[in-house]
Amino acid sequence: MRKLLLTLLLIIPLIVVSQEKNTISGTLKNASNGETLFGASIYLEGTTIGVTTNEYGFYSLTAPKGSYTIVITYMGFAAIEQEIQLDSDTKLNFELKEDFAQLDEVVITTGGAKKVNIKTPQMSVNKLSSKTIKKIPTVLGEVDIIKSIQLFPGVTNAGEGASGFNVRGGAVDQNLVMLDEAIIYNTSHLFGFFSVFNADAIKDINLYKGGIPARFGGRASSVLDVRQKDGNSKNIGITGGVGLISSRLAVEGPTFKDKGSFLLAGRSSYANIFLKLSDNDSRVSFYDFNLKTNYEINENNRLYLSGYFGKDKMEFSSAFINTYGNISGNLRWNHVFNDKLFSNLSLIYSKYNTTLEIVDNGIDWDSDIKNYNLKYDLKYYLNDTFNFDFGASTIKYDFNPGLLKPLNKNSEVNRLKLDDKFALESAVYVSVKHKISDKLRAEYGLRYSNFLQLGKQTISQYENNLPVVYNSNLGIYQSGTVIGETEYGKGDVIESFNNFEPRLALSYQLNEDSSIKASYNKMSQYLHLISNTTSATPLDIWTPSDTFLKPQIANQYALGYFRNLKNDMFSVETEVYYKTIDNRVDYIDGAALIAQSNIETQILIGEARSYGLEFLFRKNRGKFTGWLAYTLSKSEQKTPGGVAGGPGLNNGEWYNTAYDRTHDISITGSYTLNDKWSFSTNFVFQTGRPVTYPNGQFQYNGLSIPTYSNRNADRLPAYHRLDISATLTPIKNKNRSWKSEWVFGIYNLYNQKNAASISFGQNSDTAINEATKTSIFGIMPGITYNFKF
Amino acid sequence: MHKLYIRIPLFFILINSLLYSCTEVVDVDVPNGGERLVIEASIDWEKGTLGQLQTIKLSTSTPYFTSNPEAPVTGAIVTVTKEDDGMQFVFTDQNNGNYITTNFVPELNQSYSLEIIYEDGIYVANETLMSVSSITEIEQDTSSGFSEDEIAVTIYFDDPVGVENFYLGEFIPSHSPLINFQALNDRLTDGNQKFVEYNDEDIKAGDLLEISLLGISENYYTYMNILENQSGDGGPFSTTPVQLVGNCKNQNNLNEEVLGYFRLSEVDKIIYTIQ
């Protein structure tokens, strides 16, 4: 791994042909708070020379000697145009001013609209700034990043109150969610009602749905890259808010004698946030903290430290107590070797744990997953034609699948410690941005990943090597017979997997305003979330790939057409994709997954595929901005019997995944009336979730029992709702440092009783069969007060 | 509801219901899988009895929403054979879907086979008569559960150590038409005192509760566990319902979906009056 890196470092300078060329490099920041800007575009007007800033705001571009106009644009900021005379290597740092366009002016000029970047080969990415997210109406006014990204095409979830999200027909566990590069294993507070990200601490998010660059790996379907703010490096600032669910407070400011800045943000729900709970002693609460600080050692070296800590606690009449939460930390060192070579070294820790106490049964249940991640990423801005990204990473995982403890002497259960599991996931990658011609650009790369399942662990051996067998007499799948055990010592390699993951993205510019793009990516996923419920639960266990549970391998192809219209006033993005996933797990009927050491005895290995058409139309500027997203898609799964024999699940035929949505439409709009009032709305329409309805009943044991057949062949009624919100910014704000705003919102304005589920059972008085619909959110008004000074 | 496996899904259902959700009865178009034969061959040997009188019920399935869910099957020939000595018990057709024998010989841990000849099919199944521990204690409690006033009745029994055991707890209340049953195993509780609990907000003093504890086989446990989960609430934390596959197969058509089960259980039964 190290050798490969060294070789790359040695080779790259050899292909430098830089006579008569000079390099401009530097950092881009927000003028008002000193936050670095990621993804801003910098180009030399009248040429095809241009780059975008990296995650740390750094850029570097190389051009022949001469005089140019350098243009810098970034969404929501006023563009900068500056004449430069390039006759030596130059360091140029820029600060962009936020675009507070005066609304009473007739023409609003915004240099950096949210137009689609038609030049870069990168496709299938949705970006959101914290500012945009905060405008979107939400349940009870609680700003929610995970809900916001579901307004983009190709992103859904299993329903209201369900945790996580699904990208292009992929499962919840197939998203790599990173908060300042640290892996977040559960994105939900309160099982999915809210997300773990505090919008006050977040700078921006990027969701990669396809064409995933080689620097990312480890999950099959998507990457959600969430970046925390660095903290205001110019002034001390306090922001906060009081809502119906929670209150927030964030403090940020310069520190280390203006050599750095910090941000400290906290959010806490109220002890008894739900009215329905107020008449008994049940409690539901959550809180989270975000920390970020950075220190500039000198012009070429900077340190960053970020941290997150969040926790949920639910207590029901002291019968159940459930807690869960993520904790993460990341220490980073940015080092600029020279004006062409940028590097970042990260040391990351993250952990997710859950506990459950069931008082009556005397059960105490604990499980967690921890990882330590060392990562080194470099960017080499060779010349106008080639840029390189390369690096390496290694992640050590410690899994504690569960410890079951009796709470007291009278407890029903025996102490049970499931075997800890260990794994090491390493990767090296190189990715090349290549301007083949003025119109044709490519980004191609290769990631090589290796996964080691490590001891100490005891592995069961099964008769005929079959952990699951098909009982053809009964027609059911059953656990195989354990015939022995193999003990592996600490650090022993139990199983090893290697994968080459090629990535390719191309863009061809048709004219000034439009382009077509195509991409292919292969992704390997070595971790699996063991869950057979419709929606993931906090008690679900992450488990590493092993002898029986092979890594999930995704192959995705996407093709798109991108166009900016009317001088970037509008933009259109259309994509089609096709994705296959090998080694997708499903569960045998009646699988016992709780406190299960031998998960392999409860699963069958299958495959998944999804395909779809996505359409995104945006209005980027003006008093009214917003977007319309439409997705037509299919997501299905097949689980044949394989080596276990038998027909498999659903007779070995394809069946819909729980997150298959044929149609998914979202319209999001925001209208600024004047300095005082602005309004937002969104409308969502989706095909109902696939479910299995009974196809008959029979009388058995004194009850009417429903019979079921084809898995997920039916559907809940279509889901739709309309939300609105209004933001009032008092005029008196203008001339004082205390700035405030009121956000009034109504979620599900026309009180649509959307079905979260429909269950079938007998009426408890009449014993007649009936179907009962459960809906989660009816009309939900919300109000939030935000302040800043 | 005292069972770890049901407790955890129940926990999520509670969260749903406590937080926001509202429920209403709705009309739903459901598919119709057609008529299937239902075999309710439950041989229950109550402790302290001879167990000679046994009934097997045959019916067909009906559409899920129907005004007449009773569809008895008559004209079948039903026999059970005790496998060690070949003793045969013929169950006579009562022309109402019930088939009865009065000379059954139950024997613990003994294997029995069932044969039903009906129309073109020969339906067969094998099962073992499973023993059960005695109910050691019964307890009525009012403060358990989620609502303070709810009455809860709990039975206790001792799980034999070192062997895998599977149980079915059954509660037949006099105040409600709905029977409550819970399938249990001892995977995490081997050798301990175990319990099954019944609670209902409508049950009151004077109501009767017929409580049975049955010993069952592992395969029947799996069957009843799926059946139990699928006849309850289906929230976002429920599992996808699946076809229930019992142990009765048509020898002339192995792919025919046959509903129901052939089970043989020792039963400890108590009739309890709510205090």
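Caption draft 1: Structural detail: the sheet that holds strand β9 (residues 135–141) of chain B. Residue and element names in this part refer to chain B. The antiparallel open sheet is built from three strands, whose spatial order is β9-β10-β13. One side of each edge strand has no neighbouring strand; the edge strands of this open sheet are β9 and β13 (193–200). Mean inter-strand twist for the sheet, computed between neighbouring axes without regard to direction, equals 20°. Here β9 runs beside strand β10 (residues 151–158); their pairing, made up of six bridges, is antiparallel. Looking across to β10, one finds that Glu139 is bridged to Thr154.

Caption draft 2: Spatial organisation of the pairing of strand β23 (residues 320–338) of chain A. Residue and element names in this part refer to chain A. Taken together, the 14 bridges between strand β22 (residues 301–316) and β23 define a ladder with antiparallel strand orientation. In the sheet register, Gly307 faces β23, and the bridge partner there is Gly329. Bridging between β23 and strand β24 (residues 341–358) involves 18 bridges; their strand directions are antiparallel. Within the sheet, the bridge partner assigned to Asn326 lies in β24 and is Tyr352. With antiparallel pairing between neighbouring strands as the criterion, β23 and β24 make up a hairpin whose turn holds two residues.

Caption draft 3: View of the confidence of the model for chain B. Residues and elements named next belong to chain B. A residue-level look at chain B finds 88% of positions with pLDDT of 70 or above and a mean pLDDT of 89. Segment residues 1–7: pLDDT under 50, and 34 contacts once partners within four positions in sequence are set aside and those in other chains are kept. With pTM at 0.91, the complex prediction returns an ipTM value of 0.92.

Caption draft 4: Molecular detail of the interface of chain B and chain A. Taken together, the contact between chain B and chain A spans 87 residues of the former and 86 residues of the latter. Both faces combined, the contact of chain B with chain A buries some 7700 Å², and carbon together with sulfur accounts for 62% of it. The interface formed by chain B and chain A contains two salt bridges. Between Glu412(A) and Lys194(B) there is a salt bridge, with the nearest N and O atoms lying 3.6 Å from each other. Remark: the boundary between chain B and chain A carries 21 residue pairs in polar contact (both at pLDDT 80 or more). Looking at the side of chain B that touches chain A, the elements that each hand over two or more residues are α1 (4–19), β1 (22–26), β2 (37–46), β11 (166–173), β13, α2 (218–230) and β16 (259–273) of chain B.

Caption draft 5: A look at the pairing of strand β7 (residues 111–118) of chain B. Residues and elements named next belong to chain B. For strand β4 (residues 77–82) and β7, the ladder comprises six bridges, and the chain directions are antiparallel. Looking at β7, one finds that Val78 is bridged to Ile116. Relative to strand β8 (residues 121–130), β7 is paired through eight bridges, and the arrangement is antiparallel. In the sheet register, Ile116 faces β8, and the bridge partner there is Tyr123. Here β7 folds back onto β8, and the loop between the two strands holds two residues, one of which, Glu119, carries a positive phi near 50°.

Caption draft 6: Structural context of α2(B). Between the first and last C-alpha of α2(B) there are 18 Å, a value that for 13 residues agrees with the 18 Å anticipated at 1.5 Å per step. Among the residues making up α2(B), those that are buried are Tyr220(B), Tyr221(B), Tyr223(B), Met224(B), Asn225(B), Ile226(B), Leu227(B), Glu228(B) and Gln230(B).

Caption draft 7: Focus on the nonpolar core. Residue and element names in this part refer to chain A. The biggest cluster of nonpolar side chains holds 84 residues, and the ones touching the most others in it are Phe165, Phe197, Ile205, Leu224 and Tyr397. Once residues within four sequence positions are removed from consideration, Phe197 is found in contact with Ile145, Ile146, Val177, Leu179, Ile184, Thr187, Ile202, Val226 and Arg267. Ranked by size, the runner-up nonpolar core spans 28 residues in total, among them Ala63, Ile70, Ile84 and Phe94.

Caption draft 8: Geometry of the packing of aromatic side chains. By the definition in use, this model includes 46 aromatic pairs over all chains. Aromatic pair Phe760(A) and Phe65(B): ring centres 6.4 Å apart, planes at 50°, arrangement tilted. Placement of the pair is Phe760(A) in strand β51 (residues 757–762) and Phe65(B) in the loop between β3 (54–60) and β4, with the two residues belonging to separate chains. Taking the relative accessible area as the measure of exposure, Phe760(A) reaches 5% and is therefore buried.

Caption draft 9: Just the side chain of Arg302(A), in detail. Residue and element names in this part refer to chain A. Looking at the secondary structure, you find Arg302 in strand β22. By relative accessible area, which is 16% here, Arg302 ends up buried. Separated by 2.8 Å, the side chains of Arg302 and Asn294 make a polar contact. Residues within four places of Arg302 in sequence aside, it is in contact with Lys29, Asn294, Tyr295, Glu296, Ile297, Arg332, Trp333 and Asn334.

Caption draft 10: Spotlight on the domain arrangement of chain B. All names here are of chain B. Parsing chain B into structural domains produces domain 1 (4–17 + 132–239 + 266–273) and domain 2 (37–130). In this assembly, twelve residues from domain 1 lie in contact with eight residues from domain 2. When domain 1 packs against domain 2, close to 870 Å² is buried across both sides, 51% of that on carbon and sulfur atoms. Contact with domain 2 buries area across many residues of domain 1, yet Ser217, Glu266 and Val267 alone supply 60% of it, more than any other trio. Counting every contact that joins domain 1 to domain 2 gives one salt bridge. A salt bridge links Lys47 to Glu266, with the shortest nitrogen-to-oxygen separation between them at 3.3 Å. Inspection of the region where domain 1 meets domain 2 yields six residue pairs in polar contact (both at pLDDT 80 or more). Only β14 (208–216) and β16 provide two or more residues apiece to the side of domain 1 that touches domain 2. Per-element tally for the side of domain 1 that touches domain 2: the top contributor is β16, with four residues. Considered class by class, the residues forming the side of domain 1 that touches domain 2 number five nonpolar, four polar and three charged.

Caption draft 11: Structural context of the sheet that holds strand β5 (residues 66–73) of chain A. Residues and elements named next belong to chain A. Strand order in the open sheet formed by four strands is β3-β2-β5-β6, and the pairing between neighbours is antiparallel. Single-partner strands in this sheet number two, and they are β3 (50–52) and β6 (80–86). Neighbour-to-neighbour, the strand axes of this sheet turn through a mean angle of 20°, independent of strand direction. One ladder, built from seven bridges, connects β5 with β6; its direction is antiparallel. Opposite Gly66, over in β6, you have Leu86 as the bridge partner.

Caption draft 12: Examining the domain arrangement of chain A more closely. Residue and element names in this part refer to chain A. The assigned domain composition of chain A is domain 1 (2–96) and domain 2 (125–788). Just the C-alpha atoms count here: the centres of domain 1 and domain 2 sit 33 Å apart. Taken together, the contact between domain 1 and domain 2 spans 35 residues of the former and 49 residues of the latter. In total, domain 1 and domain 2 occlude about 3300 Å² of area from one another, counting both sides; carbon and sulfur atoms represent 55% of this. Contact with domain 2 buries area across many residues of domain 1, yet Glu35, Thr48 and Tyr56 alone supply 20% of it, more than any other trio. Taken together, the connections running from domain 1 to domain 2 amount to three salt bridges.

About the cut-offs
Residues numbered from 1 in each chain as written. Chains lettered and ligands numbered in written order. Predicted model: local features only at pLDDT ≥ 70, side-chain atom pairs only at ≥ 80, totals over all residues. Heavy atoms only, no water. Pairing = 2+ DSSP bridges. Helix = DSSP H or I, 4+ residues; strand = E, 2+ residues; numbered from the N terminus. Axes fitted to C-alpha atoms, helices over the stretch in contact; angles between N-to-C directions. pLDDT = per-residue confidence, 0-100. Contact = heavy atoms within 4.5 Å. Buried area = accessible area lost by both parts, 1.4 Å probe. Salt bridge = Lys/Arg side-chain N within 4 Å of Asp/Glu carboxyl O. Polar contact = N/O pair within 3.5 Å; in protein donor to acceptor, adjacent residues only side chain to side chain. Expected span 1.5 Å × (residues − 1). Buried < 20%, exposed > 50% of the residue type's maximum accessible area, 1.4 Å probe, protein only. Core = buried A, V, L, I, M, F, W, Y, C linked by side-chain atoms within 4.5 Å. Phe/Tyr/Trp six-rings, centres within 6.5 Å; stacked < 30°, edge-to-face > 60°. Domains from an automatic or database assignment. Nonpolar A, V, L, I, M, F, W, Y, C, P; charged D, E, K, R; others polar.

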